[in-house]
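Fold and geometry: a report
If you want the building blocks of each chain, they are given just below.
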Amino acid sequence: MHLVVLAGGVGGARFLRGVRAHARDVRARVTAVVNTSDDISLHGLRVCPDLDSVMYGLGGAADPERGWGRADETWTVKEELRAYGAQPDWFGLGDRDLATHLVRTTMLTAGYPLSAVTEALCHRWQPGVRLLPATDDRLETHVVVSSDDPQADGGARSEAIHFQEWWIRHRAKLPADRFVFVGAESAKPAPGVTEAIANADAVLLAPSNPVVSIAPILAVSGIRDALRTAGGPVVGVSPIIGGAPVRGMADACLAVVGTECSAAGVAGLYGARAEDGLLDTWLVDATEDADTRVDGVEVRAVPLWMSDDDATAAIVAAALAPT
Ligand code: GDP
Ligand code: CA
């Protein structure tokens, strides 16, 4: 059996730990297709937050409290950069984490594609699943924000900033008009991505942020089509429980795209495969209204709290249960 999972960072990593546990029981192979549109260059280094969250999370090296970055981290370089007044100062890179970005940047500069670099980094972490970046090509989420500018027409100026600046620096509080996935039309899926989706026994959409973790993967030309024509079922897991994200600020992202922050709202965003969308099955939390209806989609209600790997593996088992 071969399972494919589309995933963002922290939520994706937790989900994948459960997928891996379930896969061990049923002897399945797992391929994770991970968002790369949060990637950013900082201080000359290429940083891939979602790939690293998944790699560290599955490699047993993630900081359990923060959810991102390395356990037992120290921050000497960050303090030294601050002493220089180096910008940007709003994105924290820990000392241990920096080694990953140094190795990655050296390999990228030498001409290796991100997929090969990721495979090389995973030799150390042995995540137990195959990690593929959604694309080797440039793909960057930008956020179009407006700010007051008395000089400009209508008194407001519109500009696009990198997703991380909006998310980390402004804590998703800066009013945003829309997200743009720069490079999505020309970006090609990384080697192996569309083949894995086409041949998977099932494709799972992790309960990752639908707007800025899953949507940019789907925006890579060819990936959405691969899902639409996949041989196995496509099953999504809601990141929203009781009308709120379990963690993080997905509500702010859903507001930008005009989608209600609810399990049904997110399902509507993905759409039914029967009707030009993606989903065959949608998992909502057991506490959600038992009659959450999504046209053309089979809805299953099960506990969706990923409190530990066993609880998450139970979610995965429910996602894969035959109809
Ligand atoms: P990021 O890229 O690091 O922001 O992480 P992801 O996009 O992969 O995941 C973030 C999403 O995970 C958030 O919208 C959360 O609501 C969701 N999430 C986190 N923990 C849980 C959980 O225990 N259960 C469910 N259903 N969703 C969760
Ligand atoms: Ca992310």
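It should be emphasised that the depicted structure is a prediction, and the values quoted were computed from it without experimental measurement.

A few words on the pairing of strand S10 (residues 234-237). Residues of S10 alternate between two faces, with Val-234 and Gly-236 on one and Val-235 and Val-237 on the opposite face, all of them buried. Pairing geometry for strand S9 (residues 202-205) and S10, over three bridges, is parallel. Paired with Leu-205 across the strands is Gly-236, a residue of S10. As paired elements, S10 and strand S13 (residues 281-285) share three bridges and run parallel to each other. Looking at S13, one finds that Val-237 is bridged to Leu-283.

The seven strands lie next to each other as S5-S2-S1-S9-S10-S13-S14, forming an open sheet whose pairing is parallel. In this open sheet, the two edge strands, each paired with only one partner strand, are strand S5 (130-133) and strand S14 (298-302). Averaged over all pairs of adjacent strands, the angle between their axes in this sheet comes to 20 degrees, without regard to strand direction.

Now for the packing of aromatic side chains. Per the stated rule, a full pass over the model turns up eight aromatic pairs. Judged by centre distance (6.4 Å) and plane angle (70 degrees), the rings of Trp-68 and Trp-75 are edge-to-face. Taking the relative accessible area as the measure of exposure, Trp-68 reaches 38% and is therefore partly exposed. When the centroid spacing of 5.5 Å and the interplanar angle of 80 degrees are considered together, the rings of Trp-166 and Phe-179 count as edge-to-face. A residue pair is termed long-range when its members are at least 10 positions apart, and Trp-166 in helix H6 (residues 163-169) and Phe-179 in strand S8 (residues 176-182) qualify at 13 residues. Phe-179 carries the same exposure label as Trp-166, and that label is buried. Of the aromatic side chains, those joined through ring pairs into one cluster are Phe-163, Trp-166, Trp-167 and Phe-179. Looking at Arg-70, its charged tip hangs above the ring of Tyr-56, at a distance of 5.6 Å from the centre. For Lys-78, the ring lying beneath its charged end belongs to Trp-75, and the centroid distance is 5.6 Å.

Turning to the nonpolar core, a few remarks are in order. Leu-6, Trp-166, Phe-179, Ile-197, Leu-227 and Trp-282 are the most contacted members of the largest nonpolar core, which has 53 residues in total. Ranked by residues supplied to this core, first place goes to helix H8 (residues 210-219) with five residues. Two domains share this core, each providing at least three of its residues, namely domain 1 (1-71 + 98-139 + 184-323) and domain 2 (140-182). In this structure, Leu-3, Ala-32, Leu-131 and Ile-315 belong to the second largest nonpolar core, which totals 41 residues.

Position of Leu-121 among the secondary structure elements: in helix H5 (residues 114-125). Sequence-wise, Leu-121 and Ser-41 are 80 residues apart; in three dimensions their C-alpha atoms are separated by 18 Å.

Near ligand 1 there are 21 residues, and of these Val-10, Ser-208, Asn-209, Ser-213 and Leu-304 occur at the shortest range. The contact in question runs from a nitrogen atom of ligand 1 to an N or O atom on the backbone of Ser-238, over 2.9 Å. Here ligand 1 has 600 Å² of accessible area as a free molecule, and 92% of this is covered by the chains. Top contributing element to the shell around ligand 1 by residue count: helix H1 (residues 10-26), with four residues. Tallied by class, the residues present in the shell around ligand 1 amount to 10 nonpolar, eight polar and three charged.

So, about the domain arrangement of the protein chain. According to the domain assignment, the protein chain consists of domain 1 (1-71 + 98-139 + 184-323) and domain 2 (140-182). Domain 1 and domain 2 are separated by 26 Å when their C-alpha centres are compared. Contact with domain 1, which involves 21 residues of that partner, is made by 16 residues of domain 2. Of the roughly 1500 Å² buried between domain 1 and domain 2 on both sides combined, carbon and sulfur atoms contribute 66%. If you sort the residues of domain 1 by the area they bury against domain 2, Arg-138, Met-249 and Val-256 come out on top, with a joint share of 38%. Between the two partners, domain 1 and domain 2, sit two salt bridges. Residue Arg-46 is joined to Glu-140 by a salt bridge in which the shortest nitrogen-to-oxygen separation is 3.8 Å. The interface formed by domain 1 and domain 2 contains five residue pairs in polar contact (both at pLDDT 80 or more). Elements with a contribution of two residues or more to the side of domain 1 that touches domain 2: H8 and helix H10 (250-256).

Cut-off values and rules
Residues numbered from 1 in each chain as written. Chains lettered and ligands numbered in written order. Predicted model: local features only at pLDDT ≥ 70, side-chain atom pairs only at ≥ 80, totals over all residues. Heavy atoms only, no water. Buried < 20%, exposed > 50% of the residue type's maximum accessible area, 1.4 Å probe, protein only. Helix = DSSP H or I, 4+ residues; strand = E, 2+ residues; numbered from the N terminus. Pairing = 2+ DSSP bridges. Axes fitted to C-alpha atoms, helices over the stretch in contact; angles between N-to-C directions. Phe/Tyr/Trp six-rings, centres within 6.5 Å; stacked < 30°, edge-to-face > 60°. Lys NZ or Arg CZ within 6 Å of the ring centre and 35° of its normal. Core = buried A, V, L, I, M, F, W, Y, C linked by side-chain atoms within 4.5 Å. Domains from an automatic or database assignment. Near = heavy atom within 4 Å. Polar contact = N/O pair within 3.5 Å; in protein donor to acceptor, adjacent residues only side chain to side chain. Areas by Shrake-Rupley, 256 points an atom, 1.4 Å probe, with all protein chains shown as cover. Nonpolar A, V, L, I, M, F, W, Y, C, P; charged D, E, K, R; others polar. Contact = heavy atoms within 4.5 Å. Buried area = accessible area lost by both parts, 1.4 Å probe. Salt bridge = Lys/Arg side-chain N within 4 Å of Asp/Glu carboxyl O.

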